[in-house]
Amino acid sequence: MEIDRILRPGGYWVLSGPPINWRVNFKGWERQTKDLENEQISLEDLARRLCWKKIAERGSIAVWRK
């Protein structure tokens, strides 16, 4: 929510690391797959409710546009 507050309309938010690309990296993060999957689902649901659009996801980096 804080990112939404400070990000200007049309701005970009770049997230790198957990939970992005959890299916490939979960072993190195020493976390349960279900936890990471739920974390990514929650994150993407919040972004959708804030009317952000996910514009890219490559490797462990995801980019949303407000």
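Residues numbered from 1 in each chain as written. Predicted model: local features only at pLDDT ≥ 70, side-chain atom pairs only at ≥ 80, totals over all residues. Heavy atoms only, no water.

Asks: Help me out: how do you make sense of unusual backbone geometry in this one?
Replies: Peptide bonds are trans in most cases, and residues, glycine excluded, mostly fall at negative phi. Backbone geometry at Cys 51 places phi at a positive 70 degrees, although glycine is not the residue there. Tracing the backbone shows Cys 51 in the loop between α3 (33–49) and β2 (53–58). (Helix = DSSP H or I, 4+ residues; strand = E, 2+ residues; numbered from the N terminus.)

Asks: Would you mind going over the pattern of salt bridges with me for this structure?
Replies: When the charged atoms of two side chains with opposite charge come close together, those side chains can pair. For the coordinates displayed, the defined rule picks out 6 salt bridges. Residues Glu 57 and Lys 54 are paired through a salt bridge, measuring 2.2 Å at the closest nitrogen-oxygen approach. You can call Glu 57 partly exposed: its relative accessible area is 37%. The network of salt bridges with common partners includes Glu 44, Lys 54 and Glu 57. (Salt bridge = Lys/Arg side-chain N within 4 Å of Asp/Glu carboxyl O. Buried < 20%, exposed > 50% of the residue type's maximum accessible area, 1.4 Å probe, protein only.)

Asks: Any chance you could explain the nonpolar core here in plain terms?
Replies: Most often, soluble globular proteins have nonpolar side chains that are buried together. The biggest cluster of nonpolar side chains holds 9 residues, and these are Leu 7, Trp 13, Leu 15, Ile 20, Leu 43, Ala 47, Trp 52, Ala 62 and Trp 64. Looking at this core, the elements that each hand over two or more residues are β1 (12–16), α3 and β3 (61–65). Not counting residues up to four positions away in its chain, the partners in contact with Leu 43 are Trp 13, Leu 15, Pro 19, Ile 20 and Trp 64. (Core = buried A, V, L, I, M, F, W, Y, C linked by side-chain atoms within 4.5 Å. Contact = heavy atoms within 4.5 Å.)

Asks: For this particular structure, what's the right way to read the sheet that holds β1?
Replies: In a beta sheet, neighbouring strands are held together by backbone hydrogen bonds and run either parallel or antiparallel to one another. If you walk across this open sheet you meet the 3 strands as β1-β3-β2, and the pairing is antiparallel. Looking at strand neighbours, the two that pair on one side only are β1 and β2, the edges of this open sheet. For this sheet, the mean inter-axis angle between neighbouring strands, taken without regard to orientation, is 15 degrees. In this structure, β2 lies alongside β3, joined through 5 bridges in antiparallel fashion. Bridged to Glu 57 within β3 is Ala 62. (Pairing = 2+ DSSP bridges. Axes fitted to C-alpha atoms, helices over the stretch in contact; angles between N-to-C directions.)

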